[in-house]
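An overview of the molecular structure
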Amino acid sequence: MFSTLIESATPPATQASASERFMLLLESALNAREVQRLLLTKPQGGEVDLERLMVREVELRGERQLSMVWRYKTRDVTKNLPLSEGLACLKGLLGMPFQNAQLDTRLQEVQLAFSRKGKSSLRVGKAQGAAADRAASSHDHQKQRYLDLAQPFWQDLGLTHEVRGEAVLVPAMSRKWKQINKFIEIFEAALKSSSLADSPDVHVADFGSGKGYLTFAMHAYLSGLGKQAFVRGVELRDDMVRLCRDAAQRHGLHGLGFDQGDVRSYTPERLDVMIALHACDIATDYAIHLGLRARAAIIMCSPCCHKQLRPQMSSPALLRPLLQHGIHLGQEAEMVTDGLRALLLESEGYETQVFEFVSLEHTSKNKMILAVRRAQPLPQARRQELLAQIEAIKAFYGIKDQALQSLLCPTPA
Ligand SMILES: C[S@@+](CC[C@H](N)C(=O)[O-])C[C@H]1O[C@@H](n2cnc3c(N)ncnc32)[C@H](O)[C@@H]1O
């Protein structure tokens, strides 16, 4: 595999040492933007719990930086440094404390090793194995460029695990990974068309955040844009809140927080973006309502388990032969629920779309309601027209109560 082996104990002044050659190869790979992985392992001396240092290139506020994650037994410490500072820092870590360094580029695999006596060797070979696989699958990476699988917090959430020092997607999580990438892709377009496009800070709430996949994703995406991201997950289950809080703290993710709470009684301080991925049944209506009350610029949710309307729906005579089948009645209830939600959002001055955001193979709960607040208020006549349509549909199906509508217009006691 390795085509070149360079060894040096005390190199003559004119001959570059193995470490110097390693740094030169790293710099040129960075210049060519071909670094795929850099890992420093086998730490010696001082820090007992230190396991490895993982380095990757990131772009923060338009500047290329090295993101350096020191992995200890029970925590990670992350530092982002401008390229030149990062390279200087790395240079000082080769040999002591780290006895090994592995650099994978698109074309090469480079290994630097130090013996106990301090003798260093450098091996340079053609990329193969994981590095070559990564190059071959660069098309997939491009398709999913919104989120970075190498971010260490995914492992805490159970989305990735480590295989030979590299973060790899847990196969059972591939559908969730697809969903959150797609969610962020759609969010990106909505953000650009919203009043938040040039805002330096963005406040987001993720209702029914569960294990926090989307919450972390949103924080990572907005931070990567150079915005100050204040992202809160709101979740009923205490165990999940604790898991997410610990992971956010462990990785020093400022602005990312989790509250144990019920969306039905939660009051956010400021809310620019309301998101909810599969919040159960009418939790989605409460989440949309909170977004509306806060005049959020973007409201984005993928609903699940549409239970509220089905028992209320009396089949209109013409549709009875169709809706006699339970499956059709369920589908009808889902369509009417989300259709009414979209009309209500429209009537509140939001440009609203309902569409499939991932294909059925990734989840059966693949519907998205996306609402972006219009710059201009809705003309009264249009609002009245929409409200009349809502009442007509409710009357047609004999619906008495739809949660979002009741929250918006509570009936007087
Ligand atoms: C199907 S899970 C989705 C979790 C997460 N959004 C995801 O997609 O991975 C729905 C989550 O909503 C939470 N939930 C349900 N009703 C809620 C409420 N009223 N307030 C806050 N969380 C709620 C549940 O505990 C559950 O974790």
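The sections below set out a description of the structure shown in this document. (Residues numbered from 1 in each chain as written. Predicted model: local features only at pLDDT ≥ 70, side-chain atom pairs only at ≥ 80, totals over all residues. Heavy atoms only, no water.)

This paragraph deals with the overall build of the chain. Within the chain one finds 13 helices and 17 strands. Each principal axis of the C-alpha atoms in the chain carries an extent, and together these give about 90 × 40 × 35 Å. For the chain, the residues scored as buried account for 49% of the 413 residues in total. Considering only contacts within the chain whose residues lie at least 6 apart along the sequence, 65% involve residues at least 24 apart. When the accessible surface of the chain is split by element, carbon and sulfur atoms take 52% of a total near 20,700 Å². (Helix = DSSP H or I, 4+ residues; strand = E, 2+ residues; numbered from the N terminus. Buried < 20%, exposed > 50% of the residue type's maximum accessible area, 1.4 Å probe, protein only. Contact = heavy atoms within 4.5 Å. Areas by Shrake-Rupley, 256 points an atom, 1.4 Å probe, with all protein chains shown as cover.)

Moving on, we get to helix H12 (residues 380-397). Between its first and last C-alpha, H12 extends 26 Å over 18 residues, near the 26 Å set by a 1.5 Å rise per residue. When we look at burial in H12, the residues that qualify are Leu 386, Ile 390, Lys 394 and Tyr 397. All buried residues of H12 project into a common sector of 75 degrees when viewed along the axis, lining one side. Relative to its buried face, H12 has exposed residues pointing more than 90 degrees away, namely Gln 380, Ala 381 and Ala 395. Positioned one or two residues after H12, Gly 398 has a phi angle of 70 degrees, which is positive. (Expected span 1.5 Å × (residues − 1). Arc of directions from axis to C-beta.)

A word on the environment of Ser 265. Assignment of secondary structure puts Ser 265 in the loop between strand E13 (256-260) and strand E14 (273-280). Classification of Ser 265 by relative accessible area gives exposed; the value is 58%. For Ser 265 and Glu 348, which are 83 residues apart along the polypeptide, the C-alpha to C-alpha distance reads 21 Å.

The strand order across the open sheet formed by seven strands is E13-E12-E11-E14-E15-E17-E16, and the pairing between neighbours is mixed. Of all the strands in the sheet, the pair left with one neighbour each is E13 and strand E16 (350-356). This sheet shows a mean twist of 15 degrees between the axes of neighbouring strands, independent of strand direction. The pairing of strand E11 (residues 201-207) with E14 spans three bridges and is parallel. Paired with Val 204 across the bridge in E14 is Val 273. Relative to E14, helix H6 (residues 174-192) is tilted by about 150 degrees, and along the sheet it contacts E14, strand E15 (298-304), E16 and strand E17 (367-373). Packed onto the sheet, helix H8 (residues 238-250) meets strand E12 (228-235) and E13 and runs at close to 165 degrees relative to E13. (Pairing = 2+ DSSP bridges. Axes fitted to C-alpha atoms, helices over the stretch in contact; angles between N-to-C directions.)

According to the stated counting rule, one finds one cavity of 30 Å³ or more in the structure shown. One number sums up the size of the largest cavity: a volume of about 30 Å³. Breaking the lining of the largest cavity down by element, the ones donating at least two residues are helix H1 (18-31), strand E2 (35-43) and strand E3 (50-60). The greatest single-element share of the lining of the largest cavity, amounting to three residues, is contributed by E3. Its residues assigned to classes, the lining of the largest cavity shows six nonpolar, no polar and two charged. (1 Å grid on protein atoms, 1.4 Å probe; cavity = no way out; pocket = protein on both sides within 12 Å on 5 of 7 lines; lining within 4 Å. Points joined across faces, edges and corners; volume = space filled by probe spheres on them. Nonpolar A, V, L, I, M, F, W, Y, C, P; charged D, E, K, R; others polar.)

The subject of this paragraph is the pattern of salt bridges. Tallying each qualifying case throughout the model produces 24 salt bridges. When the shortest N-O distance is used, the salt bridge between Arg 242 and Asp 238 registers 3.4 Å. Remark: Asp 238 and Arg 242 occur in helix H8; sequence separation between them is four residues, near one turn of the helix. Classification of Arg 242 by relative accessible area gives partly exposed; the value is 45%. One connected set of salt bridges, linked through shared partners, spans Arg 52, Arg 71, Asp 76, Asp 156, Glu 162 and Arg 250. (Salt bridge = Lys/Arg side-chain N within 4 Å of Asp/Glu carboxyl O.)

Further remarks concern the nonpolar core. In terms of nonpolar packing, the biggest core is built from 46 residues, with Trp 154, Ile 180, Phe 187, Phe 216, Leu 222, Ile 298 and Met 300 touching the most fellow members. Among the elements that make up this core, the one with the highest residue count is H6 (eight residues). For Trp 154, the residues in contact, after removing those within four places along its chain, are Leu 147, Asp 148, Leu 149, Leu 159, Thr 160, Trp 177, Ile 180, Tyr 213, Phe 216 and Ala 217. By size, the runner-up hydrophobic cluster in this structure holds 37 residues, among which are Ala 283, Cys 301, Met 313 and Leu 329. (Core = buried A, V, L, I, M, F, W, Y, C linked by side-chain atoms within 4.5 Å.)

This part covers the pairing of E3. Of all 11 residues that make up E3, eight are buried, and the element is covered over most of its length. In terms of strand pairing, E2 meets E3 through three bridges, oriented antiparallel. Opposite Leu 38, over in E3, you have Val 55 as the bridge partner. Counting the residues between successive antiparallel strands, the hairpin from E2 to E3 contains six residues, one of them, Gly 45, with a positive phi of roughly 75 degrees. Where E3 and strand E4 (residues 63-72) come together, 10 bridges link them in antiparallel fashion. Opposite Met 54, over in E4, you have Val 69 as the bridge partner. Following E3, the chain reverses through two residues before pairing antiparallel with E4; Arg 61 in that reversal takes a positive phi of roughly 45 degrees.

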